[in-house]
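Spelled out from the first residue to the last, the chains are:
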Number of protein chains: 2
Amino acid sequence: MTDATAAPAFPKDHVAAPEALRFPDPLVPVEPSRTRTPDEEARALVQVHTVASLSTLSDDGHPWGSIVTYGQMPDGSPVILVSTLAEHGRNLVRDQRASIVVQQAESFGDPLDNGRVTLAGVMREPVDEEELAVAQAAVVKASPSAALYGGFGDFTHWILDIDRVRWVGGFGRMDSVTAEGYAAAELDPVAPSAAYAIRHLNEDHADALLDIAKNLTGYTDATAAKCTRADRYGIDLTVETPRGTAYTRAGFAEPCTEPGGLRPATVELARRARA
Amino acid sequence: MTDATAAPAFPKDHVAAPEALRFPDPLVPVEPSRTRTPDEEARALVQVHTVASLSTLSDDGHPWGSIVTYGQMPDGSPVILVSTLAEHGRNLVRDQRASIVVQQAESFGDPLDNGRVTLAGVMREPVDEEELAVAQAAVVKASPSAALYGGFGDFTHWILDIDRVRWVGGFGRMDSVTAEGYAAAELDPVAPSAAYAIRHLNEDHADALLDIAKNLTGYTDATAAKCTRADRYGIDLTVETPRGTAYTRAGFAEPCTEPGGLRPATVELARRARA
């Protein structure tokens, strides 16, 4: 099963001609705008979703993937509720090593440009009644039907103690994050409303997005612009130009601090683009 | 890491009072209507999606989850294209054991009632130029950007030779499927259009769904009905009654044989419900 030769040396970058990875530059230079840190990106993905894929080990050591709903402990550790009637539940009783992958549910471009994060670690049961109550509440909040089967004797709550976090934000955006950085990362107040805002901008404000691309991101030759991401600091745009497709970002005047912050922030952006 | 005691005996069914799992029965007995086989359900899930989660083994044997796009070989085996710049790519060079999970992308009810399938097996590279060409075409069809980076030297095509298939269709619907059964399963011509049809039925034809629930599934006391699944043989409904929520199914007069078959089949169903 395993390659018997010495571990191969892997390349450190894509093995390709440089021009294969080149995208059109802005025609007017622009200051790069602030982004969330990789810790904040990882935390935001886990924050706004409730469905994940779980990797465990089958009795023969084979990696086994399954789907779970998860809740979140106060430090962002996922908590799941699984039955030993299911293979993943039996796997965890035998071996608690696991990883959980959360991916962006809604796609606004190439699915490979969507965010996803792997949290790898070791599952454990709640240490006492108090932590069990927190875990139960977290699971029911994420998946109300857990209130029914959470009490069944074949179900166990498992909390993932995170060892490693790997965030992939899309093409060319990725980083490893420490467990401490992940737990300490500030939550983005607009993360839960971002998907709705992106859809609304693309469906109803394509003209404003084009103005933003032309006048605030340096792509003065843009012919169309689509929003692909939105966070407290700004929006990401995919921009069509006669020179090819480009990927850029427009920063807000001030970071959003409230759950409803994306609407005023994008209105200000559009106004500034037209000034 | 691993529990040192003997393998625990797991229960064979939910450990719960029987009434916790009881749903209201139809008031008028109805013949059960035909469903897809578990092989066909598994194959249909893989057929209509292009994004999956991949479980591989890290160098320390830890299960590692990641997100991939996949294409399909003619027998339904997934084929992926991954870089050794990524952990999953390095994992597969070292150990080819893997599993792939495909889940229903769009949710029409409780996410835990969505379909998902785990395909477990061993990854291998295409055996010759001819198979490589088929794999390349399958990957590009699923993810057009693969045409760009598919030629990079750090990317490898891997085909999953399937050993085990585990299908979970939602609450109480699940089965194991043999690799042979999966490969031989007939594709459902309406699978690619099912999500659109379900959305359309729920948004624009709630009255027809209620008539179908009342007059064709025996829930004569239904007060609302929502479509949660559609396939060549019929539609699944979640039905509200004064006695609680029930889950039922209405079968088509004839199985659909064409990609556009859901529209005439559901029109006939609604007409029959009102006859």
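Given the structure is predicted, the values throughout are model-derived calculations rather than measurements.

J.: How should the overall build of chain A be read in this particular structure?
T.: A tally of helices and strands in chain A yields 8 helices and 11 strands. Oriented by its inertia axes, the alpha-carbon framework of chain A measures out at about 65 × 50 × 30 Å. When each of the 275 residues of chain A is scored for burial, the buried share is 51%. The contacts in chain A between residues at least 6 apart in sequence include a share of 62% that link residues at least 24 apart. On chain A, roughly 12,600 Å² of surface is accessible, and the fraction owed to carbon and sulfur atoms is 54%. Between the averaged position of the 25 positive side-chain charges in chain A and that of its 39 negative side-chain charges there is a distance of 5 Å.

J.: Is there a simple way to explain the interface of chain B and chain A in this structure?
T.: By a frequent convention, interface size equals the accessible area lost on bringing the separate parts together. Facing 61 residues of chain B, the contacting portion of chain A comprises 61 residues. When chain B packs against chain A, the two sides together hide about 5,100 Å² of surface, and 65% of this comes from carbon and sulfur. Summed over the shared surface of chain B and chain A, the result is 2 salt bridges. The salt bridge partner of Arg164 of chain B is Glu87 of chain A, with a shortest N-O separation of 2.7 Å. At the boundary of chain B with chain A, the tally comes to 16 residue pairs in polar contact (both at pLDDT 80 or more). Every element with two or more residues in the side of chain B that touches chain A is listed here: β1 (51-57), β2 (63-69), α2 (87-94), β5 (97-103), β6 (116-124), α4 (146-149) and β7 (155-170) of chain B.

J.: Sorry if this is basic, but what is going on with the packing of aromatic side chains here?
T.: Within a pair of aromatic rings, the relevant descriptors are the distance that separates the centres and the angle that separates the planes. Residues and elements named next belong to chain A. Tallying each qualifying case throughout the model produces 4 aromatic pairs over all chains. Seen from their ring centres, Phe23 and Tyr247 are 5.2 Å apart, and the 85° between their planes marks the pair as edge-to-face. Residue Phe23 is located in the segment before α1 (38-48), and its partner Tyr247 is located in strand β11 (residues 244-251); the two are separated by 224 residues in the primary sequence. Overall, the relative accessible area of 43% leaves Phe23 in the partly exposed class. Arranged with centres 6.1 Å apart and planes meeting at 65°, the rings of Phe152 and Phe155 form a pair that is edge-to-face. Each of the two residues, Phe152 as well as Phe155, counts as buried. The ring of Tyr182 has Arg43 lying over it, and the distance from NZ or CZ to the ring centre is 5.5 Å.

J.: Sorry, what's going on with the relation of the copies chain B and chain A here?
T.: Here two copies of a chain appear, and what relates them is a rotation about an axis with a shift along it. For these two chains of identical sequence, chain B goes onto chain A by a turn of 180° and a shift of 0.0 Å along the axis, with RMSD 0.0 Å. The symmetry that links the two subunits is that of a two-fold axis. Same-surface contact between copies: 100% of interface residues of chain B are shared with the interface of chain A.

J.: What is the right way to look at the environment of Val165 of chain B in this model?
T.: Residues and elements named next belong to chain B. Take Val165: it is sitting in strand β7. Judged by its relative accessible area of 3%, Val165 falls in the buried class. In contact with Val165, not counting residues within four places along its chain, are Ala42, Val117, Thr118, Leu119, Asp175, Ser176, Val177, Thr178 and Tyr182.

J.: Help me understand the state of the cysteines, please; the structure alone is not making it clear to me.
T.: Cysteine pairs can be covalently joined through their sulfur atoms, and such a bond is termed a disulfide. All names here are of chain B. A complete count under the given rule lists 0 disulfides over all chains for this structure. Take Cys227: it sits in no disulfide, and the sulfur closest to it among the cysteines is that of Cys256, at 12 Å. For Cys227, a relative accessible area of 0% gives the class buried.

J.: Quick question: what am I supposed to make of the pattern of salt bridges here?
T.: Note that side chains of opposite charge can pair when their charged atoms are close. With the rule as written, the count across this model stands at 34 salt bridges over all chains. A salt bridge links Arg229 of chain A to Asp113 of chain A, with the nearest nitrogen and oxygen atoms 3.8 Å apart. Pair noted here: Arg229 of chain A is in strand β9 (residues 224-231) and Asp113 of chain A is in the loop between β5 (97-103) and β6 (116-124), with a separation of 116 residues, a long-range link. By the burial criterion, Arg229 of chain A is buried, and Asp113 of chain A matches it. Between Arg173 of chain B and Glu41 of chain B there is a salt bridge, with its nearest N and O atoms 3.5 Å apart. With Arg173 of chain B in strand β8 (residues 173-178) and Glu41 of chain B in helix α1 (residues 38-48), this residue pair connects regions lying 132 residues apart in the sequence.

J.: Is there a simple way to think about the packing of helix α6 (residues 194-204) of chain A against helix α7 (residues 206-216) of chain A in this case?
T.: Any two packed helices are characterised by the angle at which their axes cross and by the distance between the axes. All names here are of chain A. Here α6 crosses α7 at 95°, and the two axes come no closer than 5 Å. By the angle between their axes, α6 is roughly perpendicular relative to α7. Between α6 and α7, the residues in contact are Leu201, Asn202 and Asp204 and Ala206, Asp207 and Leu209, respectively. Counted by class, the contact of α6 with α7 contains 3 nonpolar, 1 polar and 2 charged residues.

J.: Can you walk me through the sheet that holds strand β10 (residues 234-241) of chain B in this structure?
T.: By way of backbone hydrogen bonds, the strands of a sheet pair with one another, either parallel or antiparallel. Residues and elements named next belong to chain B. Pairing within the open sheet is antiparallel, and its 3 strands lie in the order β9-β10-β11. Both outer strands of the open sheet, β9 (224-231) and β11 (244-251), are each paired with one neighbouring strand and no more. Between one strand and the next, the sheet's axes are offset by a mean angle of 25°, whatever the strand orientation. Both β10 and β11 contribute to a ladder of 8 bridges, which runs antiparallel. Across the sheet, residue Glu240 finds its bridge partner in β11, namely Thr245. Those strands touched by helix α7 (residues 206-216) are β9, β10 and β11, and its axis lies near 90° from that of β9.

J.: How should I be thinking about the sheet that holds β9 of chain A in this particular structure?
T.: All names here are of chain A. Within the open sheet, the 3 strands sit side by side as β9-β10-β11. Their pairing is antiparallel. Of all strands in the sheet, those with a lone pairing partner are β9 and β11, marking the two edges. In this sheet, neighbouring strand axes are inclined to one another by 25° on average, regardless of whether the strands run parallel or antiparallel. Across 7 bridges, the pairing between β9 and strand β10 (residues 234-241) is antiparallel. Within the sheet, the bridge partner assigned to Ala225 lies in β10 and is Val239.

J.: Help me understand the environment of Ala138 of chain A in this model?
T.: Inspection of the secondary structure puts Ala138 of chain A in helix α3 (residues 129-142). What Ala138 of chain A contacts, discounting residues up to four positions off in sequence, is Gly71, Gln72 and Val79 of chain A.

J.: Looking at this structure, I do not really get the pairing of β10 of chain A. What am I missing?
T.: Strand residues, when the strand is regular, have side chains that alternate between the two faces of the sheet. Among the 8 residues in β10 of chain A, 7 count as buried, and that is most of the element. Adjacent in sequence and paired antiparallel, β10 of chain A and β11 of chain A are bridged by 2 residues.

J.: Looking at this structure, I do not really get α7 of chain A. What am I missing?
T.: What sets the pattern is the α-helix's 3.6 residues per turn: residues three or four places apart point alike. All names here are of chain A. Taken residue by residue, α7 has Ala208, Leu209, Leu210, Ile212, Ala213 and Leu216 as its buried positions. At its buried positions, α7 is contacted by α6, β9, β10, β11 and α8 (262-273). Looking one or two places after α7, you find Gly218, whose phi comes out positive at around 85°.

Reading the values: the criteria
Residues numbered from 1 in each chain as written. Chains lettered and ligands numbered in written order. Predicted model: local features only at pLDDT ≥ 70, side-chain atom pairs only at ≥ 80, totals over all residues. Heavy atoms only, no water. Helix = DSSP H or I, 4+ residues; strand = E, 2+ residues; numbered from the N terminus. Buried < 20%, exposed > 50% of the residue type's maximum accessible area, 1.4 Å probe, protein only. Contact = heavy atoms within 4.5 Å. Areas by Shrake-Rupley, 256 points an atom, 1.4 Å probe, with all protein chains shown as cover. Lys, Arg positive; Asp, Glu negative; His and termini not counted. Charge placed at Lys NZ, Arg CZ, Asp CG, Glu CD. Buried area = accessible area lost by both parts, 1.4 Å probe. Salt bridge = Lys/Arg side-chain N within 4 Å of Asp/Glu carboxyl O. Polar contact = N/O pair within 3.5 Å; in protein donor to acceptor, adjacent residues only side chain to side chain. Phe/Tyr/Trp six-rings, centres within 6.5 Å; stacked < 30°, edge-to-face > 60°. Lys NZ or Arg CZ within 6 Å of the ring centre and 35° of its normal. Least-squares fit on C-alpha atoms with pLDDT ≥ 70 in both. Disulfide = S-S within 2.5 Å. Axes fitted to C-alpha atoms, helices over the stretch in contact; angles between N-to-C directions. Parallel < 35°, antiparallel > 145°, perpendicular 65-115°, else oblique. Nonpolar A, V, L, I, M, F, W, Y, C, P; charged D, E, K, R; others polar. Pairing = 2+ DSSP bridges.

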